[in-house]
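Read off the chains here:
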Amino acid sequence: MEPKRTERSLGRGWGLVGLVALVLASTAFRVQRAWADPAFERFASAPADTHLWKSDPALLAYFVERIADAGGGVPDDWRADPRVGHPAGADVPVEFTVAQEWPVAWAWLAVGRDVPLEIVALITSSLLASLALLGAAWAVLTWTRSWGWALFAAALFVLLPANQRTLGFLLMREDLAWPLFALHFGALAAALSTRRAREAIVAGVLLAGALATWHASRGFWALELVVLAGVFLVRGAPARRVAWTLVFVPALWLVPALAAGEREWGALVASVALALSGFVPGLETWRRRLVALVAVGACVAAAAALASFGDAPAGASFEHVSAVLRAKLAHFGQRPSDPALVPFEARLLWQGPFESVPLGALVRSLGLAASLALVALAARCWRQRCAPRRDLVLGAAVLFGALFTAHLIGRTVLLAAWLVPVATTILLARSGARRRDAAVLLGAQVVAFALWSQGLFLSWYLPAGKPLEYARLFEWVAANVPPDAAVASDFVNATALLQATGNPIVLHPKYETKKSRRAAEEFFQAFYAGTPAELAVWCRRQGVEHLWIDRYVLGFVAPWVGGVPEGAAFPPESAAALFLSQDQRVLESVAGFELLYRSPPSITQQNGAPYDLFRWYRLTP
């Protein structure tokens, strides 16, 4: 739809002040809500008092500490870190999209390293994540020419629970990459509206930044290209205007993490073809545009086929993403109880942010008031023709696609969470809504958001006694395990150990490389289907003598991933059955392993029973 000029009831100066205030308010909310959790001890600095790092955030925290140790620069062994992915080690900039670790490290150095890293990381990441609201404001400002409506969209954006997805996680890749993508969408909307190259160039730079800082950005980019193709087919949109946006895409292969992996030649060809299509004459009818898109699709397929022959095993490989998508479509988004029906790579990814989201929870995360208002406004605009009907159909198709994708993969709800406040605000403005209507909608969403935030329970710190168990174990490790001794553990806890003690680890929760997925598959196979002797063989092959077992992760979280049907018991002679036992005699009699540590009984649950999560073994000769 073409932008509609409205009266500027709010000046640019006050509009910018309002946006800054919203960014700071969003940051303050995220920080306060995390600090309010009982498990987050705000002023704790000693490892014996608290330990909140695990999984992905722990790996990022480890990189932050390495950068801080290097004075904010590049560590000496950055291209061959021996502690990650033992025994081969890791070429960090090739295997990981390291980016936001630098601003966190610089902030930490600026305030002093006597301040706990978890505090600095929480504040810095909260500020970065809050910048995403500027993308929604930019798009609405472009289409309405009203700072008032831009502020309304930004406020509505903050009030959607889906836009607080990483709340309490301390460090997540998307806290930097997603704001870059959201700003890219705003700049792209401006480029399509103003027909100026300046906004398109800014959109291209932001797109390059998002793609370079988060592997998952490639999925969002692919979805964006599908939308652009649809816009081109329906409206014959001037692709010439976004040509500058795509100029920067080939330069991304200067980034080691992208250059060493599977090159997205198919998406690259689609980008260039869509850009060049703006210069092709005679594409006035949708039939001719359809022929042009078919030709583009053939080029994309050919480029993707050729790219499959050039996979670099050291870099990122995304076979697991396509595998989990096929599995979810085959099983209608519901995880089958029999893991044998799903390939291991798909099972590995079918957890956490890649879980399917029930439709009810999805709508609630997008704000019930905002969602109902969007449907009502779209219906009214359809009747009153306050917007071209083809634009309404196209917008509905895009939103439906975003919702369907979010239902399959929870992390992608970010797309719908950007679209809902932007579309709702634009429809409000185009339908001639009064300030009272906007105030009622915003007030309803404020109430809904307040109720959501009061009932919010941060499951990241569960079980409740785990931080204390971490602290006790890591004290013991520092006193009894050599600092250069490699340790085998699960993908959640291994990085916690790496960040706390610096001991080399085998597994980590980043599965973008084939070697990381193969190591995880071999470990799960030996643990759940093999005997302790077979697990010992795997440990020695990885060059480790120490094994750390977490009864919560390996006993309740990961069995399905490891091939154990839901609700099924472990085979009695399997490594899982023996290592996860709560019988002290069984734990002490595992052949080939010596029990060195078990969680102390003093760490108890609310009912007085011990948590009893951790066991630490050393292989015997």
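Here, every reference points to the structure presented above.
Just so it is clear, the structure is predicted and the values come from calculations on it, not from any experiment.

Draft legend 1. Focus on helix α15 (residues 319–330). Between its first and last C-alpha atoms α15 spans 17 Å; for 12 residues at 1.5 Å apiece the expected length is 16 Å, and the two agree. By the burial criterion, the buried members of α15 are His 320, Ala 323, Val 324, Ala 327 and Lys 328. Relative to the axis of α15, the buried residues are bounded by an arc of 130 degrees and lie together on one face. Exposed residues pointing more than 90 degrees away from the buried face of α15 are listed as Arg 326 and Ala 330. Its buried side turned inward, α15 meets α16 (344–349), α19 (389–408) and α24 (514–529).

Draft legend 2. Up close: the pattern of salt bridges. Under the definition given, this model contains 23 salt bridges. Between Asp 583 and Arg 585 there is a salt bridge whose closest N-O contact spans 3.5 Å. Beyond isolated ion pairs, a larger network of salt bridges with shared partners links Arg 66, Asp 77, Asp 81 and Arg 83.

Draft legend 3. Spatial organisation of the packing of aromatic side chains. Enumeration over the complete set of coordinates arrives at 37 aromatic pairs. Ring geometry for Phe 29 and Phe 449: centres 5.2 Å apart, planes at 55 degrees, overall tilted. Of this pair, Phe 29 sits in helix α1 (residues 12–35) while Phe 449 is found in helix α21 (residues 435–454), placing the two residues 420 residues apart along the sequence. Assessed through its relative accessible area of 8%, Phe 449 is described here as buried. Put simply, the rings of Phe 344, Phe 491, Tyr 511, Phe 523, Phe 524, Phe 527, Tyr 528, Trp 538, Phe 570, Phe 579, Phe 593 and Tyr 617 pair up and form one aromatic cluster. Lying over the aromatic face of Trp 108, Arg 113 brings its terminal NZ or CZ to 4.5 Å of the ring centre. When the ring centre of Trp 560 is taken as origin, the NZ or CZ atom of Arg 335, which lies over that ring, is 4.3 Å away.

Draft legend 4. Structural view of a nonpolar patch on the surface. On the surface, Val 20, Leu 24 and Leu 127 cluster together into a nonpolar patch covering about 260 Å² of accessible area. Counting through the fold element by element, Leu 127 comes out in helix α5 (residues 117–130). Overall, Leu 127 belongs to the partly exposed group, its relative accessible area being 38%.

Draft legend 5. Inspection of helix α18 (residues 368–384) at higher detail. End to end, α18 covers 24 Å across 17 residues, agreeing with the expected 24 Å (1.5 Å per residue, within 8%). When α18 is considered as a whole, its buried residues turn out to be Ala 369, Ala 370, Ser 371, Ala 373, Leu 374, Leu 377 and Cys 381. Looking at the buried positions of α18, the neighbouring elements they touch are α7 (147–158), α17 (359–365), α19, α20 (413–430) and α21. A positive phi of about 55 degrees marks Arg 385, the residue just after α18.

Draft legend 6. Spatial organisation of the packing of helix α2 (residues 55–69) against helix α23 (residues 494–501). Where α2 contacts α23, the two axes come as close as 8 Å, and the packing angle between them is 25 degrees. If you check the angle between α2 and α23, you find them roughly parallel. For the element pair α2 and α23, the recorded crossing hand is left-handed. Here Ser 55, Ala 58, Leu 59, Ala 61, Tyr 62 and Glu 65 of α2 come into contact with α23, specifically with Thr 495, Ala 496, Leu 498 and Gln 499. Grouping the amino acids of the contact of α2 with α23 by side-chain chemistry returns 6 nonpolar, 3 polar and 1 charged.

Draft legend 7. The arrangement of the nonpolar core in detail. Within the largest apolar cluster, 74 residues are counted, with the highest numbers of intra-cluster contacts made by Trp 178, Phe 181 and Trp 418. Apart from residues lying up to four places away in sequence, Phe 181 is in contact with Leu 207, Ala 210, Ser 217, Phe 220, Trp 221 and Glu 224. Counting residues in each nonpolar core, the second largest holds 49 residues, with Val 342, Cys 539, Leu 595 and Leu 619 among its members.

Draft legend 8. Structural context of the environment of Leu 392. With respect to the helices and strands, Leu 392 occurs in helix α19. A relative accessible area of 13% places Leu 392 in the buried class. Dropping the residues within four chain positions of it, Leu 392 is found in contact with Ala 378, Cys 381, Trp 382, Ala 387 and Leu 427.

Draft legend 9. Expanded view of the sheet that holds strand β3 (residues 593–598). Within the open sheet, the 4 strands sit side by side as β1-β2-β4-β3. Their pairing is mixed. The sheet is open, and its two borders are formed by β1 (487–488) and β3, each paired with just one other strand. Where strand β2 (residues 546–550) and strand β4 (residues 614–619) come together, 5 bridges link them in antiparallel fashion. When the sheet's bridge partners are listed, His 546 is paired in β4 with Arg 618. Contacts from helix α22 (residues 466–480) reach β2, β3 and β4 within the one sheet, and its direction differs from that of β4 by about 25 degrees.

Cut-offs used in this document
Residues numbered from 1 in each chain as written. Predicted model: local features only at pLDDT ≥ 70, side-chain atom pairs only at ≥ 80, totals over all residues. Heavy atoms only, no water. Helix = DSSP H or I, 4+ residues; strand = E, 2+ residues; numbered from the N terminus. Expected span 1.5 Å × (residues − 1). Buried < 20%, exposed > 50% of the residue type's maximum accessible area, 1.4 Å probe, protein only. Arc of directions from axis to C-beta. Contact = heavy atoms within 4.5 Å. Salt bridge = Lys/Arg side-chain N within 4 Å of Asp/Glu carboxyl O. Phe/Tyr/Trp six-rings, centres within 6.5 Å; stacked < 30°, edge-to-face > 60°. Lys NZ or Arg CZ within 6 Å of the ring centre and 35° of its normal. Patch = residues over 30% accessible without salt bridge, like charges linked within 9 Å, V, L, I, M, F, W, Y side chains within 5 Å. Areas by Shrake-Rupley, 256 points an atom, 1.4 Å probe, with all protein chains shown as cover. Axes fitted to C-alpha atoms, helices over the stretch in contact; angles between N-to-C directions. Parallel < 35°, antiparallel > 145°, perpendicular 65-115°, else oblique. Left-handed = near helix turned anticlockwise from the far one by under 90°. Nonpolar A, V, L, I, M, F, W, Y, C, P; charged D, E, K, R; others polar. Core = buried A, V, L, I, M, F, W, Y, C linked by side-chain atoms within 4.5 Å. Pairing = 2+ DSSP bridges.

Just geometry here; none of it tells us what the structure is for.
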